Amino acid sequence: MVANKKLLMLPGDGIGPEVMAEVRRLIDWMDRRRHVSFDVTEDLVGGAAYDVHGVAITDATMEAALGADAVLFGAVGGPKWDDVGYDVRPEAGLLRLRKDLDLFANLRPAICFDALADASSLKRDLVSGLDILIVRELTGGVYFGEPRGIEDLPDGQRRGVNTQVYTTSEIHRVCRVAFDLARKRGNRVCSTEKSNVMESGVLWRQEAQRVHDEEFPDVELTHMLADNCGMQLVRNPAQFDVIVTDNLFGDMLSDVASMLTGSLGMLPSASLGPADDSGRRRALYEPVHGSAPDIAGQGKANPLAMIQSYAMMLRYSFDMAEDADLLEQAVRNALDSGCRTIDIAGSGISPISCTEMGAAIVDELDRLAA
Ligand code: IPM
Ligand code: MG
């Protein structure tokens, strides 16, 4: 009997609550069929929290996140909150969670399911079998660097400032995560920066090389400029195994990589903090897609990114590789049997709804566990 794990669910805005509801279904299934129980609490984040509390996340919710074994996050934001103050905008809730939980390593796998190779914007032979892992630094760089702000200049102009800044230890710890994960996969890491124009990029390249030489000489390390990396991702994505990069480049490159897989709606992510003495890490799991306000409330959302984020939680937070494998197999089987939400349907296939996709995954789980 496994002890109860504390899970904090933050569905957020837009399609967040819809895709999170399908994870609830999986939690119930695992309780019934695998005797794994989670203590689930649910709370507000993003615009939903702003509407009630006037902030994107409350201190009480932050306390709950700090006390949880894992946080499951849906999505935040939408046009409804376009005019709220910058500090309380929905995205600020997510950024506070990342910063206060010290979730410095963001894992974004881009895997192309064979059944979806034709939904990719690239030709099938370029993406078939694709399995890339982007490791994005998540608590530093231009997202958090000081000074920042918008100031008035004496000549009447305004000036916007953000600062790209990295220290050696910030670079070292995220590179270690990337090298470690590479050893369990294809054993290759490509480190990406703009060392041709940015000093922080020069430092990134040197320190990635140092961590490699001192601690991971068995892993193959290459360096690539970030613009070239974007180009190579759409030219020949299969050349990559693990890509490690900073916060902003990782944001952009992971959106590019996600589309290679057929749909932004397919891509899960894990955000991990430093390991404590017992090896446990704080962690947050979220789909890479946003809140998609244009389709919210219509049953059109693809829950597979959220569902696979849940599978990543089982794997990385709870050491439940067998259950994660089972769930990922159920996703593959549902896709193979033709289940498609509208974003991955392509022409000639009639799409199913978000809840129908969730039900299909549970059916596949029943079949696999029979
Ligand atoms: C992401 C998103 C976020 C980011 C936004 C919502 C703040 O684009 O997780 O990729 O820029 O990091
Ligand atoms: Mg993004």
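Residues numbered from 1 in each chain as written. Chains lettered and ligands numbered in written order. Predicted model: local features only at pLDDT ≥ 70, side-chain atom pairs only at ≥ 80, totals over all residues. Heavy atoms only, no water.

A. The pattern of salt bridges, seen in detail. Applying the stated criterion across every chain, the model contains 25 salt bridges. For D131, the salt bridge is made with R185, and the minimal N-O distance between the two is 3.2 Å. Of the two residues, D131 is situated in strand β5 (residues 131–137) and R185 in the loop between α6 (168–183) and β8 (188–193); the sequence distance between them amounts to 54 residues. Accessibility expressed as a relative area gives 37% for D131, which makes it partly exposed. Between E215 and R176 there is a salt bridge, and its shortest N-O distance comes to 2.8 Å. Here the residue E215 occupies a position in helix α7 (residues 199–215), and R176 occupies one in helix α6, the gap between them amounting to 39 residues. Linked by salt bridges that have partners in common, R34, E322 and D323 make up one network. (Salt bridge = Lys/Arg side-chain N within 4 Å of Asp/Glu carboxyl O. Helix = DSSP H or I, 4+ residues; strand = E, 2+ residues; numbered from the N terminus. Buried < 20%, exposed > 50% of the residue type's maximum accessible area, 1.4 Å probe, protein only.)

B. Seen up close, the site of ligand 1. Within the structure, ligand 1 sits among E91, R98, R108, R136, Y143 and D251. For ligand 1, an oxygen atom lies 2.6 Å from a polar atom in the side chain of Y143. Within the contact set of ligand 1, an oxygen atom lies 2.8 Å away from a side-chain nitrogen or oxygen of D251. Coverage of ligand 1 by the protein amounts to 75% of the 320 Å² it exposes when considered alone. Classifying every residue of the shell around ligand 1 by side-chain character gives one nonpolar, no polar and five charged. (Near = heavy atom within 4 Å. Polar contact = N/O pair within 3.5 Å; in protein donor to acceptor, adjacent residues only side chain to side chain. Areas by Shrake-Rupley, 256 points an atom, 1.4 Å probe, with all protein chains shown as cover. Nonpolar A, V, L, I, M, F, W, Y, C, P; charged D, E, K, R; others polar.)

C. Expanded view of the domain arrangement of the chain. Here the chain is partitioned into domain 1 (1–110 + 267–370) and domain 2 (131–259). Using only C-alpha atoms to locate each centre, domain 1 and domain 2 end up separated by 25 Å. Taken together, the 18 residues of domain 1 in the interface contact 21 residues of domain 2. Summed over both sides, the interface between domain 1 and domain 2 buries roughly 1700 Å², with carbon and sulfur atoms accounting for 62% of that surface. If you sort the residues of domain 1 by the area they bury against domain 2, F104, R108 and A110 come out on top, with a joint share of 37%. Between domain 1 and domain 2 we count one salt bridge in total. We note a salt bridge from R173 to D102, for which the minimum N-O separation is 3.0 Å. Counting the contacts that link domain 1 with domain 2 gives seven residue pairs in polar contact (both at pLDDT 80 or more). Mapped by element, the contributors of at least two residues to the side of domain 1 that touches domain 2 are α4 (90–100), β4 (105–111) and β11 (268–275). The element contributing the most residues to the side of domain 1 that touches domain 2 is β4, with six residues. Its residues assigned to classes, the side of domain 1 that touches domain 2 comprises 12 nonpolar, two polar and four charged. (Domains from an automatic or database assignment. Contact = heavy atoms within 4.5 Å. Buried area = accessible area lost by both parts, 1.4 Å probe.)

D. A look at the nonpolar core. If you look at the biggest cluster of nonpolar residues, it comprises 70 residues, and the most contacted ones within it are L72, L107, V135, Y310, M313 and I361. Two domains each provide a minimum of three residues to this core, namely domain 1 (1–110 + 267–370) and domain 2 (131–259). For L107, the contacting residues outside a window of four places in its chain are L133, I134, V135, V177, L181, P268, S269, A270, L272, M312 and Y316. (Core = buried A, V, L, I, M, F, W, Y, C linked by side-chain atoms within 4.5 Å.)

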